[in-house]
Amino acid sequence: MRPSVLIRFGAAALLALGLQAGAQTPIPPNPANPAAANAAANVSASARRLYERSKGQLLQIRTLLKNQDSQASVGSGFVVSDGGHVITNYHVVSQFALEPDSYRLRYATTDGQNGALELLDFDARRDLALLKVVGDGLKGQGALSFRPLQQPLAKGERIYSMGNPHDVAFAVVEGNYNGLVERSFDPLIYYSGSINAGMSGGPVLDEDGRVVGINVSAMFFAQQMSFLVPAEFAEKLLARSRDAKPLRSAAWPRLRDQLTAYQDELVKRFLALPWQSANNDRYRLPVPEQDFMRCWGRGSPADAKGLLFERSQCRMEHAIFVGGNLQTGWLDMSHEAYDGRQLGALRFARQYSNSFRNENLGRPDRTRTAPYCREQFVDRDGLPLRAVVCLRAYRKLDGLHDLSVLVTTVDQSTEGALGRFDAKGVSFDNALKLASHYLEGFAWNKAK
């Protein structure tokens, strides 16, 4: 198991810790460290100044049931034009985007105004959406501006996240810019500040009140580790779609097109990476370069007297939110190498077979079909493999599938290796390319 996981919550937004604006308990000065006390006071003054300056452009975004005022989800957003354009996360408005006949969008301001919103466009890959206020409800409220790309932040600079956590009150959370997340397929800002659920889609400002990022996700089982979409992608979405007509019908075709383009880029980049060595004595097992994946491993204790094993798992920690509990657009792979010479052939065969049999390939559900699988034996330069390739089709995203490949060596009675590769949301052609590429990663260890 990985010690921490990057998670993106559904329309209920982020899960983390945060501070409510105006509710922070004052920290009494420490007579032994007056400089630290003065620094804390200055930071709080900056947060208050920025909140007062920008609160007129800060919104709560609500998804309500179509025919009643019960809210299905809440998030945050901010005004980015005098014409009433609003930026938020796609996952905040995904229910409306995919089921517009069942939901509607509303906003609420810090001073109690509220009104209707329209969805103009979204960028599911970046988890962004562009909305527009219906009518003149926010006319004259002003707009937040974006920090120019020519003025990059330096690591350690203070930045300020805003939103409405848990539908309690509008808030400002202070933190630091720590650069981009390493080994991420798409750029994400690492923000060392705590963000609460409900702040998704809210702006993160620099000292001058300019938008540098948008609240999006957090690291589960970690503290003060939150993540932001760089502001440049929100600025591009605004420039591209500010004059777009509102989306009136379910956005599944548009979502499918975006995911199809994304998986093409993902697969192309992955296939271009050479396999790395797992350093197994007997087999060459496929391990990816960690350009945009992280690998974790474990093994049996040194004093183990039964089955000895080594396990490795590599996975992308970024996924694309679709809707509900469905996320897609990521790769995951693992292998286990077994040494059962202490068990003997019969006991080893039983445990080895159970490991292969216990792999979960999924069942039919509301979003995907049952897996369709084919099994065959493959010869890899004299190394016999048993391979199972499975595809599950997405019901509302035509042409996209989840791929699972199971592989096990069958050359020894007391030793073996089992591998699994999963790709979420890929085309049929790319699934075949990935399956072939994965199988090519198995061979005899030349160094043996």
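Refer to the structure presented above.
If you're wondering where the values come from, they're calculated on a predicted model, not measured in any experiment.

Caption draft 1: Seen up close, the packing of helix α4 (residues 252-271) against helix α6 (residues 428-440). Across the interface, α4 lies against α6 with an axial gap of 11 Å and an inter-helix angle of 20 degrees. Put simply, α4 runs roughly parallel to α6. In this structure, α4 meets α6 at a crossing whose hand is left-handed. Taking contact as the criterion, the partners of Gln263, Asp264, Val267, Phe270 and Leu271 in α4 are, on α6, Asn430, Lys433, Leu434 and His437. Of the residues assigned to the contact of α4 with α6, the class counts are 4 nonpolar, 3 polar and 2 charged.

Caption draft 2: Summary view of the state of the cysteines. Applying the stated criterion across every chain, the model contains 2 disulfides. The partner cysteine of Cys295 in its disulfide is Cys314, sulfur to sulfur 2.0 Å. With the S-S bond torsion at 110 degrees, the cross-link from Cys295 to Cys314 turns out right-handed. Here Cys295, found in strand β15 (residues 294-299), pairs with Cys314, found in strand β16 (residues 308-315); they are 19 residues apart in sequence, far enough to count as distant. By relative accessible area, which is 2% here, Cys314 ends up buried. Bridging Cys373 to Cys390, the disulfide has an S-S length of 2.0 Å. Residues Cys373 and Cys390 are joined by a disulfide whose S-S torsion is about 110 degrees; by sign, that bridge is right-handed. Placement of Cys373 in strand β20 (residues 372-380) and of Cys390 in strand β21 (residues 383-393) is noted, with a sequence separation of 17 residues between them. Among the residues examined, Cys373 registers a relative accessible area of 34% and is labelled partly exposed.

Analysis parameters
Every chain's residues receive numbers from 1 upward, in the order its sequence appears when written. Per-residue local features are limited, in this predicted model, to residues with pLDDT of at least 70; the limit for side-chain atom pairs, both in listing and counting, is 80 or more; totals at the level of whole chains, interfaces and linings are taken over all residues. Just so you know, side-chain values use all the structure's heavy atoms and leave hydrogens and water out. For every element, the axis is a line fit to its C-alpha atoms; helices are fit only across the contacting stretch, and the angle between N-to-C directions ranges from 0 to 180 degrees. Starting at the N terminus, helices and strands are each numbered in turn, a helix being any DSSP run of H or I of at least four residues and a strand any DSSP run of E of at least two. Roughly parallel means an angle under 35 degrees; roughly antiparallel, over 145; roughly perpendicular, 65 to 115; everything else is oblique. For a crossing to be left-handed, the near helix must be turned anticlockwise from the far one by less than a right angle; the clockwise case is right-handed. Should any heavy atoms of two residues lie within 4.5 Å, those residues are counted as being in contact. Residue classes follow a fixed rule: Ala, Val, Leu, Ile, Met, Phe, Trp, Tyr, Cys and Pro count as nonpolar, while Asp, Glu, Lys and Arg count as charged, and any other residue, Gly among them, counts as polar. Our working definition of a disulfide is a cysteine sulfur pair at a distance within 2.5 Å. The cut-offs for exposure are 20% and 50% of the maximum accessible area for each residue type, with area from a 1.4 Å probe on protein chains only; residues under the lower value are buried, those over the upper are exposed, and the others partly exposed.

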